[in-house]
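Summary of structural features
Here is what each chain is made of, one letter per residue.
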Amino acid sequence: MNLELLQKICGLAAPSSGEGAVRDCVIDLLKDVADEIKVDPLGSVIARKKGAGPKVMFACHMDQPSFMINFIDKDGFLRFSHMGKLAFEQIRGQRVVFQNDPPGESLRSVMTGVIACEKIRDKQQASMIHLYMDAGFRSREEAEKHIAIGGLCVFAGETVIDGRKIISPGLGRAGAFVLAETAKAMQSSPNDMYFVFNAQREVDFAGAKASVWTVSPDYAVCFDLAPSHDIPSPEIQQLPVRAGNGAAIKIKDSSVICHPGLIHFIEDTAKENGVRVQFEISESFQSGAGPVHTANGGVPAGGVSIPARGIDSAHPIALLSDIEESLRLALHLAQKPFENLV
Amino acid sequence: MEFAKYRCDVSADRFGNVIACKKGKQGGGKLMFAAHMDEIGLMVSQIDEQGFLKFSPIGGCDQRTLLSQEVIVHGRRDVFGVIGLKPPHLTSDEEQKKSVSIADMAIDIGFSQEEAEPLVRVGDIVTVRRKTIELRNDLLSGKSLDDKAGVAALLECAKNLVDYENTHDLYFAATAQKEAGIRGARAAAFNVNPDICVVVDAGFAKMPGLDAFSAIELGKGPAIAVGPNIRYAIFEVLKETAEKNEIMFQIDPIPGMSYTDAMFIQIAGRGVATGLISLPLKYMHTSVETVSMKDVTRAGTLLSCFTRSLNSRDLEMVLCS
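Here we take up the overall build of chain B. Along the backbone of chain B there are eight helices and 17 strands. By the compact-globule yardstick of 20 Å for 321 residues, chain B fits well, its C-alpha radius of gyration being 21 Å. Here chain B, with 321 residues, has 55% of them falling under the buried criterion. Partitioning the intrachain contacts of chain B with sequence separation of at least 6 by distance along the chain shows that 76% fall at a separation of at least 24. Accessible area of chain B: about 15,000 Å², with a carbon and sulfur share of 52%. Distance between charge centroids for chain B: 4 Å, based on 36 positive and 42 negative side chains.

Written as structure tokens, this is what we have:
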């Protein structure tokens, strides 16, 4: 597995609506292997590898949980809205990096800040509304030279890969890595393959909702993370996904019940090729398969998920073995005819 | 498939909705009636070491209604099971006061893990096993009458219109996956692309403990809903139709989201003029849901009279009046 590429893709910063860096990277990777490649109005990348069979869409997303500056106070502190499912305790005390073209400067500057909490008497009462960002400015005027209302930022954090695991604020893009590698490695396909790298997952799957219309696929398989349930907690409900047990074939999450035809097709493909798989049933987790399967009069949809812990935190973690199995599965799927599944 | 008896072309769409069509004369519009055919249920999420099946809910499943139920696990073949409960002798006072959460329940099919695994798999659907019974006064009680009673009303309407020559194309949609997030209706509305759609779904009927919240009553006729989810002109036509044909009806004010198929059909495509008929139903989302068969029949009659009243009228004009 190309760990260097995994590190690169996950390590880029891509707040929702500001996915440019990942988009450029994906286009660069696929421009020589795709028959067609285009960017849709929301900024999603749609790469096609032509085939004679049904239209099959493999979808993933490019963005990550992120923040938007919505107010700068007179002392130069920044208030923000968040995009993605982020809880107070996951945000407080984290570092962020801004991704902005500062007014009057042409170069992208890297600016870091911290998320701090107002001093309030009753600490138990602290919540999202008490959080602000401190990037060291002393006045609104000074701040405005570097950041504008609407400016975007993401969690700061090095993408770490060792022999076993990856930790990265952009771990959600492991699906994009799987798709890019699949598109590159696959030989000819019996299917008309569309690899879709969606923008704005964290804004209620806006990118996926739009691109599914453009592609109008006959079948869709969505690649994303899934919450692993092997975390220490006496209270957590026992659901099937376990990090280290292989690629997770999605049966259900809170946005979709996958098409049985696709679930069996994916499972059979894994069995035939000795790919290690498990099943995913997630309860409070949504995926791109949700908006896709109800679009265009119904699209039979399935999913392949990479189990990860701490999905909604600054430092999610996944095991490399699971990413590798997902990649193997994606590659076998892409080269197998999607026939008579419904 | 019952719809085929009433001269409809029946097909399933890609999502799994059943759509029955009765073509009208050329140049008419498209009328659609919809009711969902799914029910709340459970899904196997784990088979534990002792062979107990852990499960997740599909739809708004009330955990209090699951204890001591008989269930059917739809595995490789159907398997009976029960959801058991700790004996009261061994339950502390503290535990007695709380309702048991789904995470602490399990389905017992009588098998060990090794015996269960060839038969039952993670992802299998589970339904409550319940025979529908008749109560006095034409009442029917059982599981999943929300919204099979609505589908029955659609069938009644199709039956009434079997020999009827219609100007407009008539579509009956039995939608899938409503309880999982009103999903099938989105695909069905896209596929049919109707001008007008009337949805039939269950509404909360008055019962002890609910009098203050609910306006509709069992046995007093279908309730014609009114509110932002409903195009006012459709409400008016339905109401006038009921009055003219002396069909007993009630009015169901729904000031916000209706949480029915109408919610997404209304905003499908370029927008659909949507009506909603609430069938008064007691004990919603339990396995003893209760409806009045008279109300179901009346709802079917109301829909067929509604269809007749729109015959040879320009649907655009109906909506503008």
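What follows continues from the structure just given.
This part takes up the overall build of chain A. Each helix and strand in chain A was counted, giving nine helices and 18 strands. Here the C-alpha radius of gyration of chain A, 20 Å, is about what a compact globule of 342 residues would show, namely 20 Å. With the C-alpha coordinates of chain A rotated into their principal frame, the extents come out at 65 × 50 × 40 Å. Going through the 342 residues of chain A one by one, you find that 58% of them count as buried. Across chain A, every contact between residues at least 6 apart in sequence was considered, and the portion connecting residues at least 24 apart equals 76%. Summed over all atoms, the accessible surface of chain A reaches about 13,900 Å², with 50% contributed by carbon and sulfur. Charged side chains of chain A number 34 positive and 41 negative; the gap between the two group centres comes to 2 Å.

All names here are of chain A. The N-to-C vectors of helix 1 (residues 3–11) and helix 5 (residues 174–185) enclose an angle of 135°; their axes lie 9 Å apart at closest approach. Considering their axes alone, helix 1 and helix 5 lie oblique with respect to each other. Handedness of the helix 1/helix 5 crossing: right-handed. Contacts from Leu 5, Leu 6, Ile 9 and Cys 10 in helix 1 reach Ala 174, Ala 176, Phe 177, Glu 181 and Lys 184 in helix 5. Classifying every residue of the contact of helix 1 with helix 5 by side-chain character gives seven nonpolar, no polar and two charged.

Time to look at the pairing of strand 12 (residues 169–175) of chain B. Residues and elements named next belong to chain B. Here strand 12 lies mainly inside the structure; seven of its seven residues are buried. What you see with strand 12 is no split at all: Asp 169, Tyr 171, Ala 173 and Thr 175 on one side and Leu 170, Phe 172 and Ala 174 on the other are buried throughout. Two strands pair when backbone bridges link them, and strand 2 (residues 18–22) and strand 12 are joined in this way by five bridges, in the antiparallel orientation. Looking at the pairing, Ile 19 lines up with Ala 173 of strand 12. Bridge count for strand 3 (residues 30–36) against strand 12 is seven bridges, and the pairing is parallel. Each bridged residue has a counterpart across the sheet, and for Leu 31 the counterpart in strand 12 is Leu 170.

Phe 58, Val 178, Phe 195, Phe 197, Ile 323 and Phe 338 of chain A are the most contacted members of the largest nonpolar core, which totals 83 residues. When neighbours within four sequence positions are excluded, Phe 197 of chain A is seen to be in contact with Val 26, Leu 30, Ser 44, Val 45, Cys 60, Met 62, Ala 176, Leu 179 and Ala 180 of chain A. If you look at the next biggest cluster of nonpolar residues, it comprises 70 residues, including Ala 35, Ile 254, Val 291 and Leu 315 of chain B.

Attention now goes to the packing of aromatic side chains. On inspection of all chains with the given rule, the structure shows twelve aromatic pairs over all chains. Between Phe 67 of chain A and Phe 80 of chain A the ring centres are 5.4 Å apart and the planes differ by 85°, which places this aromatic pair in the edge-to-face class. Here Phe 67 of chain A is found in strand 4 (residues 66–72), whereas its partner Phe 80 of chain A is found in strand 5 (residues 78–83), with 13 residues between them in sequence. Grouping residues by exposure puts Phe 67 of chain A and Phe 80 of chain A together as buried. One aromatic cluster is present, formed by Phe 3, Phe 33, Phe 172 and Phe 306 of chain B through successive ring pairs. The residue whose ring lies beneath Arg 186 of chain B is Phe 264 of chain B, and the NZ or CZ to ring-centre distance is 3.7 Å. Looking at Arg 308 of chain B, its charged tip hangs above the ring of Tyr 164 of chain B, at a distance of 4.6 Å from the centre.

Residue and element names in this part refer to chain B. Segmentation of chain B into domains returns domain 1 (2–39 + 144–320) and domain 2 (41–128). A separation of 34 Å is found between the C-alpha centroids of domain 1 and domain 2. Each side of the interface is counted separately: domain 1 has six residues, and domain 2 has eight residues. For the pair domain 1 and domain 2, the summed buried surface comes to about 500 Å²; carbon and sulfur atoms form 50% of the total. Sorting the residues of domain 1 by area buried against domain 2 places Glu 39, His 285 and Ser 287 first, and these three jointly supply 69% of that buried surface. Summed over the shared surface of domain 1 and domain 2, the number is zero salt bridges. Put simply, domain 1 and domain 2 have two residue pairs in polar contact (both at pLDDT 80 or more) between them. Residue classes in the side of domain 1 that touches domain 2 are distributed as one nonpolar, three polar and two charged.

Here we take up the interface of chain A and chain B. Opposite the 25 residues of chain A that make contact, chain B presents 23 residues. Contact between chain A and chain B buries roughly 1,900 Å² in total, counting both sides, with carbon and sulfur atoms accounting for 56%. Inspection of the region where chain A meets chain B yields one salt bridge. Our enumeration of links across chain A and chain B arrives at seven residue pairs in polar contact (both at pLDDT 80 or more). If you list the elements that add at least two residues to the side of chain A that touches chain B, you get strand 14 (247–253), strand 15 (256–257), helix 7 (260–272) and strand 16 (277–281) of chain A. The residue makeup of the side of chain A that touches chain B, split by class, is eleven nonpolar, ten polar and four charged.

What follows deals with the pairing of strand 13 (residues 196–204) of chain B. Residue and element names in this part refer to chain B. Most of strand 13 is tucked away, with eight of its nine residues classed as buried. Pairing analysis gives four bridges linking strand 3 to strand 13, with the strands arranged parallel. Paired with Leu 31 across the bridge in strand 13 is Ile 196. Across nine bridges, the pairing between strand 13 and strand 16 (residues 273–282) is parallel. Within strand 16, the position partnered with Cys 197 by the bridge is Thr 274.

Cut-offs applied
- Residues numbered from 1 in each chain as written.
- Chains lettered and ligands numbered in written order.
- Predicted model: local features only at pLDDT ≥ 70, side-chain atom pairs only at ≥ 80, totals over all residues.
- Heavy atoms only, no water.
- Helix = DSSP H or I, 4+ residues; strand = E, 2+ residues; numbered from the N terminus.
- Rg over C-alpha atoms; globule rule 2.2 N^0.38 Å.
- Buried < 20%, exposed > 50% of the residue type's maximum accessible area, 1.4 Å probe, protein only.
- Contact = heavy atoms within 4.5 Å.
- Areas by Shrake-Rupley, 256 points an atom, 1.4 Å probe, with all protein chains shown as cover.
- Lys, Arg positive; Asp, Glu negative; His and termini not counted.
- Charge placed at Lys NZ, Arg CZ, Asp CG, Glu CD.
- Axes fitted to C-alpha atoms, helices over the stretch in contact; angles between N-to-C directions.
- Parallel < 35°, antiparallel > 145°, perpendicular 65-115°, else oblique.
- Left-handed = near helix turned anticlockwise from the far one by under 90°.
- Nonpolar A, V, L, I, M, F, W, Y, C, P; charged D, E, K, R; others polar.
- Pairing = 2+ DSSP bridges.
- Core = buried A, V, L, I, M, F, W, Y, C linked by side-chain atoms within 4.5 Å.
- Phe/Tyr/Trp six-rings, centres within 6.5 Å; stacked < 30°, edge-to-face > 60°.
- Lys NZ or Arg CZ within 6 Å of the ring centre and 35° of its normal.
- Domains from an automatic or database assignment.
- Buried area = accessible area lost by both parts, 1.4 Å probe.
- Salt bridge = Lys/Arg side-chain N within 4 Å of Asp/Glu carboxyl O.
- Polar contact = N/O pair within 3.5 Å; in protein donor to acceptor, adjacent residues only side chain to side chain.

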